[in-house]
Amino acid sequence: MIAKCFIYLFPNNVSCYWTQFRFATWKDTLMMVVGGLCALVHGAASPLMLLVYGMMTDTFVAYELEVQELADPNKTCSNNTITWNNDSDYNWLWLTLHLHFLIRLVDIEAQMTMFAYYYVGIGLGVLIVSYFQIALWVSAAAKQIQRIRKTYFRKIMQMEIGWFDCNSVGELNTRISDDINKINNAIADQVSIFIERISTFIFGFMVGFIGGWKLTLVVIAVSPLIGLAAGLMAMAVARLTGWELQAYAKAGAVADEVLSSIRTVAAFGGEDKEAERYDKNLIEAQNWGVKKGTVIGVFQGFLWCIIFLCYALAFWYGSKLVIETNELSPGTLVQVFFGVLMAAMNLGQASPCLEAFASGRAAAKTIFDTIDREPEIDCFSEEGHRLDKVKGDIKFHNVTFNYPSRPEVKILNNLSMLIRAGETTAIVGPSGSGKSTAIQLLQRFYDPKDGMVTLDGHDIRSLNLQWLRSLIGIVEQEPVLFSTTIAENIRYGRPGVTMDDIIQATKEANAYNFIMELPQRFDTLVGEGGGQMSGGQKQRIAIARALIRKPRILLLDMATSALDNESEAVVQENIIEIIKPARMGRTTITIAHRLSTIHNADVIVGFEHGQAVERGTHNELLEKKGVFFTLVTLQNQGNDLPNDKASQGSASEKETGSITVKSDQFLEEASEHVEPAPVARILKYNKSEWPYMLIGSIGAAINGSVNPIYAILFSQILGTFSILDVDEQRVQINGICILFCAVAVTSFFSQFLQGYAFGKSGELLTRRLRKVGFQAMLRQEVAWFDDPRNSPGALTTRLASDASMVQGATGSQIGMIVNSLTNIGAALIIAFYFSWKLSLVVMCFLPLIGLSGAFQAKMLTGFANEDKKAMETAGQVSSEALANIRTIAGLAKESTFVDTYEQQLEAPYNSAKKKANIYGICFAFSQCVIFMTYAAAFRYGGYLVSSEGLHYLVVFRVISSIVISGTALGKASSFTPDYAKAKTAAAQLFILLDRVPKISLSQTDGEKWENFKGELEFINCKFTYPTRPDIQVLNGLLVSVKPGQTLAFVGSSGCGKSTSVQLLERFYDPDEGTVLIDGRPSHTVNVPFLRAQIGIVSQEPVLFDCSIAENIQYGDNTRNVSMEEIVDAAKKAFLHDFVMTLPDKYETQVGAQGSQLSRGQKQRIAIARAIVRNPKILLLDEATSALDTESEKTVQAALDEARRGRTCIVIAHRLSTIQNADIIAVMSQGAVIESGSHETLMDKRAAYYKLVTTGAPIS
């Protein structure tokens, strides 16, 4: 029957709805079936009560007629029997017809006692079944959601890399958090409540048919309109929810991108621009939300209008059946009418459940589409051969390839190349020639479009993927570390290694010394994305991770480009030591942009335009005078590798750089208990929508007073049955029916007003909170983002869920509250006006109804807190995994992350199970209170009627008024979970909004001045990162640079070079000492003004997922940069010619984090971006270290051009790039140990001289 109702309400989509339960086991199904049966029985309780109610009404009417009879002087009472003095009285006929079984006097109190027992019995039954109905469904849903989360995440981790190129990480994170919650809402308690309401609908009609089929049929004739409205609403809401979800996912992707690149956003003052970009995506979602509110308002209004018109028709026709044809007694009329009314009401109340089902179905579609997608390259597949013996010969046979996200650009073009086992093959070539792509094909991140890659003659597509990747060790250009300890990061290389193995690997990678100098050594946490380590340290840990795999094939993708000279020399020597012995049978492929690092390679392959154009040894290729010769000639300063064996142990630089030692208490800093936010403050954010809220509240108030008015009209109709004059009866009944029609029309308009006005104000609030939340995040100082609790994943999740949850305390919720309050107020006034004694008795039960609601709220707030925390931890795992999917795939560690994620899901799952029981108990209690109320109220009403002569009409009026107000209270309390969640979510947001950043980004704070010169001075600066106060990064830095001069910082990894640049940008302030800018202390300077004077090109430039032109425009966010300026800047950065070769030219999309471009291309865009800014100060942080020789030459020329007439600070690991600097400052351990021009320092023959000539250690 229930399934039929579903089909009736979802004509086309019923099959889609049931697919949401595809993860249910037989146990879950059993729980849902039993829960559903309990809901069915619970639904039958109210119609059953009507039978008692009908009998009770007849008893009251009979008693009243009896009292009137006895008031007649012609009648007397003897021995409990009425006798007539005049037999011909027409009333005798009426009485015998109607009440022949009650000729004897009615013992009203005994009758009422019996009815009270009936009520109590039904109430106890309801208590039991309603508990099981909720507990079983919520538990079953918790289990299924757990499975869906696990399956979905596992499937995402199983996808090939090409799929990630086309799906943004931010969007996937939003799906994992929000969309799965929507499915949960659609398959948990809402279903059981829906079944209960549909059951009441069916049994209500049954009670009607048993009592009087004619009246029931008349009412049923109008019912299809109600069903139609509910079905249409569900479909419309589903569609609108789907569109709203899509719009929000886009905004989530923007937020994720911006928060991941916060340093770039801050450096270029892009905070306002990003807030606008985020807001733009929110507008679309808001519009869908408002449409949804309006649609709900119209349909709800229509439903209520029909229901009240039904009342008018039913009472008019029903009273005819009572008075004229005598087919019904007054009690049966009440029973029939209420049965049908209850059925109609419950059908109406089932509609909010349909809304949840529709949202769930829309969300489930996207989730299940992903779950059902078969990955093109399945990393969990057990298929494929595992070779018994691996030699290590790799061959590319005419391979052609383009990235799935950019099918029109050919990356590899008929590439053929042989890499022999046991040899070291170096691949060289300009940026974008397909070197890294070839390596990705070897790892089988992608499959070639044409041709094939073979290992020992076997097509790698026929080999087992996990096994293939286990043979390969890789060190990438931008090594990714995971947010755990150093030891764990290395352990990712190979499961089950001992601590000795780890130590050995770190020694081989020259990382042992710096690790041992950290307070927590191998247990040091590396931070989100390894962000607490300097580039060189990350690189060495990555090399150790690759070496511990004992790989048969070692891929070094420019593995030492992020190291300074000295570390590079040592690491390179170690690598050469490792790869030298051919007897190890290890095949090594290295992609190097520094040609000095590969002159020992057995074979060098030159790449150009996606083809291998030449091959040979170092000397052979120089003689050929081809690609390699050009690159070498351009690179005039080759840093020869030091032969000095002593340097092998020399990496004992006190790496006080940006390594993080996170003290445990920092990580576990008691997650402060969040006090729910005061509603008044939440409403303050809704202040500008007061006209909408006022109109909505008026609509809600009218809707609230409808029920008490109904109580008056209903009891008035019952009262007419005790009028002896038939004509008077008719006149009164017609009057009451006309009033019902008036209420119906009013109800339509007021429901529409409430739906639209609160929909609009709620959506505007959500958008505003998301926007101010996002702005508040962007306003924080950079140090705030170092806290692991503020990782991009956690922040995006909070933006997505908190702001939408806050609607639970405003928007439609305010409507519900105003509605309930008006309802309760009006009802109590009516009740006390007519009988204060009876009102007081009934009132005793109201607190119980209220209490159960409040208790429910209290419990669920606690759960909401726990859930959120637990899901945030899981969110961090999923977010980190998705962001670093390439590294995880390369290490074949997908299953490890899946396991970690599944472990993190245990906590929210356990709390959901606990919640099921408590929610069930509260629900059961609140459901049975109403039956107990009836038992006491009617029993006492009977006493008042018999002993104090109260008219029975008043008893019905008082009881129905107060019970209606009680259900209104119950209704208000049924929203308490949302309300509770809303207050907690708002509190989280307010903590963020109230936080005063330590470095203010306000346009008004601090001084600005005309003719900014760009004179810089660091005076005794001492600094430690806030997340690890025990490591001194800068230790008395003293250096100055005059306007227009170039200052170059030189020193080993982690000596504080990049940190000094960050102090200048005011990402941090020094702990002691000052940074002077034009003679003014930096902390007194206006931050946006200061940053506007600085252009920065960093080591790993961050680009945004938009076009090349927009990325260059980002250089100056204070104005609209014209196309001429963009082209001009691009020409200066030697970028223009490359852009013009692309199909879309400047409108080419660069992909997430610039993934569609090579390193050199990204770097040049970053330079053009800095040039557009026309800064007074230029900061170049190892700006060319990632480039190959050819690009480096062009970029270096671009930089020299850009430096003209500007103060410039360069951080370089390559000494050739800085010899013409005005001042070279050599740093060690956070201080400058010598400074001067290149010639001066060379004459001194101290640290700098040693660096230039040998690359020996500085300190």
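Because the structure is predicted, anything quoted here is derived from the model rather than measured.

### Section: the environment of Y934
Piece 1. Tracing the backbone through its elements, the reader meets Y934 in helix 33 (residues 894-948).
Piece 2. C-alpha separation for the pair Y934 and V120, spaced 814 residues apart in sequence, amounts to 8.7 Å.
Piece 3. Ignoring anything within four residues of it in the chain, the contact list for Y934 reads M49, Y119, R939, I959 and V963.

### Focus on the packing of aromatic side chains
Given two aromatic rings, one states the distance between the centres and the angle between the planes to describe the pair.
Piece 1. All told, the structure shown has 48 aromatic pairs when counted by the stated rule.
Piece 2. Taken together, a centroid distance of 5.3 Å and an interplanar angle of 80° make the contact between F748 and F749 edge-to-face.
Piece 3. Here a set of aromatic residues connected by ring pairs shows up, and it is made of Y53, F60, Y119, Y934, F938, Y952 and F956.
Piece 4. Here K291 stacks its cationic end above the ring of W288, 4.4 Å away from the centre of that ring.
Piece 5. The side chain of R1080 reaches across the aromatic face of W1009, ending 3.9 Å from its centre.

### Some details on the sheet that holds strand 11 (residues 603-608)
Piece 1. One open sheet holds the six strands; their spatial order is 8-9-10-5-11-12, and the pairing between them is mixed. Each end of this open sheet is capped by a strand with a single partner; those strands are strand 8 (472-475) and strand 12 (611-616). Neighbour to neighbour, the strand axes of the sheet diverge by 20° on average, direction disregarded.
Piece 2. Where strand 5 (residues 424-428) and strand 10 (residues 587-591) come together, four bridges link them in parallel fashion. Bridge pairing links I427 to I591 in strand 10.
Piece 3. Sheet strands in contact with helix 19 (residues 535-548) are strand 8 and strand 9 (553-557), and its direction is about 175° off that of strand 8.

### Overview of the nonpolar core
Piece 1. Formed by 197 residues in total, the largest nonpolar core has its most connected members in F60, F396, Y710, F740 and F938.
Piece 2. The element contributing the most residues to this core is helix 5 (residues 108-158), with 19 residues.
Piece 3. Excluding its chain neighbours within four sequence positions, the residues that come into contact with F938 are Y53, M56, F60, M112, Y119, V955, F956 and I959.
Piece 4. Y248, L778, V806 and F1023 belong to the second-largest nonpolar core, a separate cluster that totals 73 residues.

### Observations concerning a nonpolar patch on the surface
Piece 1. On the surface, a cluster of nonpolar side chains totalling about 480 Å² of accessible area is made up of L124, L127, I128, F132, L848 and F925.
Piece 2. Considering each element in turn, the nonpolar patch owes the most residues, four residues, to helix 5.
Piece 3. Note that I128 resides in helix 5.

### Brief notes about the state of the cysteines
Piece 1. Under the criterion given, the structure shown has zero disulfides.
Piece 2. Looking at the unpaired C741, the closest cysteine sulfur is the one in C737, lying at 7.3 Å.

### Here's the deal with the pairing of strand 15 (residues 1046-1050)
Piece 1. Summarising burial for strand 15: five of the five residues are buried, a large majority.
Piece 2. One ladder, built from four bridges, connects strand 15 with strand 20 (residues 1207-1211); its direction is parallel. Bridge pairing links F1049 to I1211 in strand 20.

### A few points about the side chain of S879
Piece 1. Along the chain, S879 falls in helix 31 (residues 846-883).
Piece 2. Those residues within four positions of S879 in sequence are excluded, and the remaining contacts are N173 and G793.

### Some thoughts on the packing of helix 17 (residues 499-508) against helix 19
Piece 1. Where helix 17 meets helix 19, the axes come as close as 8 Å, and the angle between the chain directions of the two elements is 125°. When the axis of helix 17 is compared with that of helix 19, the two are oblique. Here helix 17 runs over helix 19; the crossing is right-handed. Residue-level contacts link D501, I502, A505, T506 and E508 of helix 17 to A544, L547 and I548 of helix 19.
Piece 2. Its residues assigned to classes, the contact of helix 17 with helix 19 comprises five nonpolar, one polar and two charged.

How each quantity is defined
Residues numbered from 1 in each chain as written. Predicted model: local features only at pLDDT ≥ 70, side-chain atom pairs only at ≥ 80, totals over all residues. Heavy atoms only, no water. Helix = DSSP H or I, 4+ residues; strand = E, 2+ residues; numbered from the N terminus. Contact = heavy atoms within 4.5 Å. Phe/Tyr/Trp six-rings, centres within 6.5 Å; stacked < 30°, edge-to-face > 60°. Lys NZ or Arg CZ within 6 Å of the ring centre and 35° of its normal. Pairing = 2+ DSSP bridges. Axes fitted to C-alpha atoms, helices over the stretch in contact; angles between N-to-C directions. Core = buried A, V, L, I, M, F, W, Y, C linked by side-chain atoms within 4.5 Å. Buried < 20%, exposed > 50% of the residue type's maximum accessible area, 1.4 Å probe, protein only. Patch = residues over 30% accessible without salt bridge, like charges linked within 9 Å, V, L, I, M, F, W, Y side chains within 5 Å. Areas by Shrake-Rupley, 256 points an atom, 1.4 Å probe, with all protein chains shown as cover. Salt bridge = Lys/Arg side-chain N within 4 Å of Asp/Glu carboxyl O. Disulfide = S-S within 2.5 Å. Parallel < 35°, antiparallel > 145°, perpendicular 65-115°, else oblique. Left-handed = near helix turned anticlockwise from the far one by under 90°. Nonpolar A, V, L, I, M, F, W, Y, C, P; charged D, E, K, R; others polar.

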